[in-house]
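In case you want the letters, here they are:
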Amino acid sequence: MPERAARVLLGITGGIAAYKGAYLVRRLRERGLAVRCAPTLAAESFVSPLTLEVLSGDRVYGQEYLARDGGSDGAELHVEAAQWADLLCVAPATANTLARLALGLADDFLSTTALMFEGPVVVAPAMHDAMWRKPAVEGRVATLRDRGVEVVGPVEGALASGERGWGRMAEPEAIVDAVCRALGLPEAEDEASVGPLAGRKVVVTAGPTYEAIDPVRFLGNRSSGRMGFALARQAAIRGALVTLIAGPVKLETPAGVRRVDVVSAAEMEAALREAAHDADLVVMAAAVADYRPRECAEQKMKKSGGDGLVLELEENPDLLAGLAAVAPRAQRVGFAAETEDLERSARKKLKAKGAHWIVANDVSRPDIGFESADNEVVVFGGNGEVERFPKQSKDELAGRLLELFAGEAT
């Protein structure tokens, strides 16, 4: 007899992203998974149980969680549902739901079933950016992660309030990939990629590098990695085969992107040599430290009694200047984070580094650049082109930059 399909119990809670639950059901079914839905009472205000029943082709659990009617062999419905499912997925997972799951509360069908369930759990948080950043929420999410729960997202984007921030639910495709990964199934179907970068190999570096002084201290910078992660995300959306080489940042890996984590400039250089040799486009968005300590102390350095501390530094390898030898056929893009003389510095860097494009931004401005969700840049091309991009979200800017580079990546 054929092996049965893997079973997913999909919990949908009361956030505006609940409307995406219908699409998520369809995508899970397209992967050959059996799906039953458990919307909360609040979620039913956004997506109807009938819609979920039609799309899933199976029952929808309401709030009769103590009822015996409809249970198997007289079992309560939450027991039946927990025993039926191979995986529990909660998407969207509101701040309230995350707290109840972390605390083990059981006051509706979904939370009662979650407490009963013993298999893998995937949650996709969705809420306002300010809520997501609260220590109370961070603590609950950390508790769930410690218990083995896979947390997918949230991602940066437009929120229901009309603002932008980190609180938007991850796209259904990313959630489906996480579900398949947790079930030991292939994460993606073998489909021909489409888009302006379809089939092209793109490498993006992102974030800072940390250069060790001793086991607890380092030289670094304030790069958040957001610009590089946005570029990797948008390249994947456009069909590229993307490798993201990330310095030490705490950002979710974009869907469809292969991520390589590094710490120092030397580690980033080694990762570039491995990933970029056959690349079509390399975008060096990382803020690589120019210098590193000549020697790293084996033990934590102690205060010297008021005499100060002198560090002897040596230059790190120039990754952008060396890229032509590493990726000879790639379009090479560098970033210039400047605090003065933006245009002169960028043009000088373009000539000295052998790049095809330099993306320059003024990091002295608090509203763009490091640690900001927005950016404003001027792009200088090797053939004399100058393109100016006004202030916008880094995700939107990433798309526009890739549109500029796509015609050059061959």
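So, how was this worked out
Residues numbered from 1 in each chain as written. Predicted model: local features only at pLDDT ≥ 70, side-chain atom pairs only at ≥ 80, totals over all residues. Heavy atoms only, no water. Pairing = 2+ DSSP bridges. Helix = DSSP H or I, 4+ residues; strand = E, 2+ residues; numbered from the N terminus. Polar contact = N/O pair within 3.5 Å; in protein donor to acceptor, adjacent residues only side chain to side chain. Contact = heavy atoms within 4.5 Å. Expected span 1.5 Å × (residues − 1). Buried < 20%, exposed > 50% of the residue type's maximum accessible area, 1.4 Å probe, protein only. Core = buried A, V, L, I, M, F, W, Y, C linked by side-chain atoms within 4.5 Å.

Caption draft 1: Representation of the sheet that holds strand 4 (residues 121-125) in the model. The strand order across the open sheet built from five strands is 2-1-3-4-5, with neighbouring strands paired in parallel fashion. The strands lining the two open edges of the sheet, one partner per strand, are strand 2 (34-39) and strand 5 (150-151). Bridge analysis of strand 1 (residues 7-12) against strand 2 gives six bridges, and the strand direction is parallel. Opposite Gly11, over in strand 2, you have Ala38 as the bridge partner.

Caption draft 2: Broad picture of the side chain of Asp395. Mapped onto the fold, Asp395 is located in helix 13 (residues 394-406). Among the polar contacts made by the side chain of Asp395, one reaches the side chain of Gln234 at a distance of 3.0 Å. Once residues within four sequence positions are removed from consideration, Asp395 is found in contact with Arg164, Ala230, Arg233 and Gln234.

Caption draft 3: The arrangement of helix 13 in detail. Given a rise of 1.5 Å per residue, 13 residues ought to cover 18 Å, and the 18 Å separating the end C-alpha atoms of helix 13 matches this to within 8%. Residues of helix 13 that are buried: Lys394, Asp395, Leu397, Ala398, Gly399, Leu401, Leu402, Phe405 and Ala406.

Caption draft 4: Expanded view of the nonpolar core. Val123, Leu231, Leu401 and Phe405 are the most contacted members of the largest nonpolar core, which totals 64 residues. In terms of residue count, helix 9 (residues 226-237) provides more of this core than any other element does, seven residues in total. Residue contacts for Leu231: discarding those within four places in its chain leaves Val204, Val283, Ala285, Phe335, Ala398, Leu401 and Leu402. The next biggest cluster of nonpolar side chains, apart from the first, holds 32 residues, and it includes Ala17, Leu52, Ala126 and Ala170.

Caption draft 5: View of the pairing of strand 17 (residues 357-362). Summarising burial for strand 17: five of the six residues are buried, a large majority. Pairing between strand 16 (residues 331-338) and strand 17: six bridges, direction parallel. Bridge pairing in strand 17 links Ala336 to Ala360. In terms of strand pairing, strand 17 meets strand 18 (residues 374-381) through four bridges, oriented antiparallel. Bridge pairing in strand 18 links Ala360 to Val378.

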